[in-house]
Amino acid sequence: MTATTPAAIGSAEVRRDRANALGPVRDALAIAGRNLIALRRVPRLLVFSTIQPVVFLLLFRYVFGGVVSTSLIGVPYVDYLLPGVFVQTSVFGAIGAAIGLGTDLQTGLLERFRSLPMARSAVLAGRTLADLARNVFVVALMVVIGFGVGFRIHTGPLPFLGGMLLVLLFAYSMSWVFATVGLLVGDPETAQAAAFPVMAPLVFASSVFVPVSSMPGWLQGFATHQPVSVTASAVRALTLGGPTASDVWQSLAWAAGIVAVFAPLAVWRYRRAV
Amino acid sequence: MRTDPAILVEGLTKRFGSVMALDGIDFTVPPGTVFGLLGPNGAGKTTAIRILTTILRPDAGRAEVLGIDVVRDPVAVRYRIGLAGQSAAVDANLTGQENLRLIGRLAQMPSREVRVRTAELLERFGLAAAADRPVRTYSGGMRRRLDVAAALVSRPPVLFLDEPTTGLDIQSRGELWQMIRELVAEGTTVLLTTQYLEEADRLSQRIAVVDHGRVIANDTPAALKAHLGSTVIELGMGDETRASRAQGLLSATLPARPERQAATIRLASQDGARVLIDVLRSLDDQGLTPATLAVREPSLDDVFLSLTGRRADDTVSADGHKPQGGAA
């Protein structure tokens, strides 16, 4: 120790003291900022994660939607569809966490982060925070497009806002699922491929596009109770009216449960991943 | 005044599944010096760096940086080290400046200091003009310089460079060597891994040759080369029979010990020019004219041949990518 300059040791000590107070929050924000810069600078990331839900929206609004009879759902199909599309968008968007972390792992950036005196939680907290910010933008965009294609709220602005918050909360929980996937596979291409089988049953075997009652009996059990359907139902109740409590509570429970399971899993993978 | 080593490694062991990545290595690095870990891909160099930079935990053994145990107080170690090379990276979507500032903030430096230090490093590494361009537009050499700059933002007293020049052209390599020398002149301790004997030789005060997770030699470059010979002469004899005859002949007439591999004779010596004349004269006397002749500096292969009697088994990818699976 005697051979090292006192200045160097001093500066390390000073920095360590400084890190104690708000260190983890600052680190997470620094990482989130970094991920958002990437999003701004590589607009295709945002464009591609937005185009897909828009295409689905237009496809179902104008091509397939005609076969869903209004008598089955009780409201115009577009009003049924949009709450589902908001949820679907958030699930598609969450795949970005898998691809982003896969990239960071492959390039070696995560190794550099792990050699820095930053909070261990920052990479994942920052990643999911950036995803949340991105989702605010994407969901707002879908709302605008939704109104453009004829979507109308039957309740009021407050329940609608509550519904959007529910969508963002659910999206946040899904970021942790896909963060885990990205850390498990370790490269962006595999992450994208691996995310699909996780995403597909949640989005398609759900009430997002068509009512569960139109599905075969063996599928209805899963399709009714899985988190995407539950959240879509909750958002529908909040925008179309009807009893809300049960679906909203179930959706909140799913989001909390998913974070409770996948946040520790992702952290565990992060600690082991090199 | 007692000088503790800047880096101390004792009986360090790490296993990945059935692969023994580190099989009990030992070395110490005095402060203010460059220590070279020389070996082929898969020898365990990167694993050693990952343990010393607190990225990986060892299975057994001890590793200390500036007297701080990397397992017991990894955070204190992280405040005092910089890491660059194949096991660290920069974000291709951020600009050079944004990358350095991010690293500075994550190293818990006050933001004003981060700004000053970032500007200083961009200038010093010839990246000031490219500071506001996304890194994905950088050349390989620029990227590597930024990578090393990122390791220096917090002015770490101990620097780890994991194959810093792999994949660089000769000019960029020379520039990076110069920067490393300047850092050491300022008192930084450097642990460098490389597959190039020349690089280890030019930069290091001491070299440890690593093979299959073990240190098989630990010496000064001069001593290693004395053992090895400063010049290698390679003679292609056309076929194995002639090569075998030439080997017999040269063994009998020269002090050096010629080695044969198929139709090629390899000979290391301290006095290349003198030996070359003797070799050609002896061969010519017997009517054994070599088909090809090469005189070159010794390589990692020659070190291995001389130390272990076999070549460095190279599972080496020339592009310098880290092998997947983490056993490197």
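Residues numbered from 1 in each chain as written. Chains lettered and ligands numbered in written order. Predicted model: local features only at pLDDT ≥ 70, side-chain atom pairs only at ≥ 80, totals over all residues.

Novice: Hey, could you run me through the nonpolar core in this one?
Specialist: Across soluble globular proteins, nonpolar side chains have a tendency to be buried as a group. In terms of nonpolar packing, the biggest core is built from 165 residues, with Ala98(A), Phe178(A) and Leu52(B) touching the most fellow members. Among the elements that line this core, the one with the most residues is helix H5 (residues 77–107) of chain A, at 16 residues. Structurally, this core is a two-domain feature, drawing no fewer than three residues from each of domain 1 (7–225) and domain 2 (231–296) of chain B. When residues no more than four places from it in sequence are discounted, the contact partners of Leu52(B) are Ile7(B), Ala63(B), Val65(B), Val70(B), Phe160(B) and Leu191(B). (Core = buried A, V, L, I, M, F, W, Y, C linked by C-beta atoms within 7 Å. Buried ≥ 20, exposed ≤ 12 C-beta atoms within 10 Å, placed from the backbone. Helix = DSSP H or I, 4+ residues; strand = E, 2+ residues; numbered from the N terminus. Domains from an automatic or database assignment. Contact = placed C-beta atoms within 7 Å.)

Novice: How should the domain arrangement of chain B be read in this particular structure?
Specialist: Many analyses report the size of an interface as the accessible area lost when the parts associate. When its domains are assigned, chain B resolves into domain 1 (7–225) and domain 2 (231–296). Once you take the C-alpha centre of each, domain 1 of chain B and domain 2 of chain B turn out to be 40 Å apart.

Novice: Mind showing me how you'd approach unusual backbone geometry here?
Specialist: Peptide bonds are trans in most cases, and residues, glycine excluded, mostly fall at negative phi. Located in the positive-phi region is Thr54(B), a residue other than glycine, with phi close to 70 degrees. By the element assignment, Thr54(B) lies in the loop between helix H1 (45–52) and strand S4 (60–65).

Novice: How should the sheet that holds strand S13 (residues 264–269) of chain B be read in this particular structure?
Specialist: Strand pairing in a sheet is mediated by backbone hydrogen bonds. Such pairs are either parallel or antiparallel. Residue and element names in this part refer to chain B. Read across the sheet, four strands follow the order S12-S13-S11-S14 without closing on themselves; strand pairing throughout is antiparallel. With one partner strand each, in any of the chains shown, strand S12 (259–261) and strand S14 (292–296) form the two edges of the open sheet. Each adjacent strand pair in this sheet contributes to an overall mean axis angle of 20 degrees, direction not counted. Alignment of strand S11 (residues 231–236) against S13, held across six bridges, turns out to be antiparallel. Note that in S13 the partner of Gly-236 across the bridge is Thr-264. Contacts from helix H10 (residues 272–285) reach S11, S13 and S14 within the one sheet, and its direction differs from that of S11 by about 25 degrees. (Pairing = 2+ DSSP bridges. Axes fitted to C-alpha atoms, helices over the stretch in contact; angles between N-to-C directions.)

Novice: I would appreciate a short explanation of the sheet that holds strand S10 (residues 214–219) of chain B in the present structure.
Specialist: Residue and element names in this part refer to chain B. Ordered by their spatial adjacency, six strands build an open sheet running S6-S7-S8-S3-S9-S10, and the pairing between neighbours is mixed. Whereas interior strands pair on both sides, the edge strands pair on one side only; in this sheet they are strand S6 (81–85) and S10. Averaged over all pairs of adjacent strands, the angle between strand axes in this sheet comes to 15 degrees, irrespective of strand direction. Pairing between strand S7 (residues 158–162) and strand S8 (residues 189–194): five bridges, direction parallel. If you follow Asp-162 over to S8, its bridge partner there is Thr-193. Along the sheet, helix H6 (residues 170–185) contacts strand S3 (34–38), S7 and S8; its crossing angle with S8, the most-contacted strand, is approximately 150 degrees.

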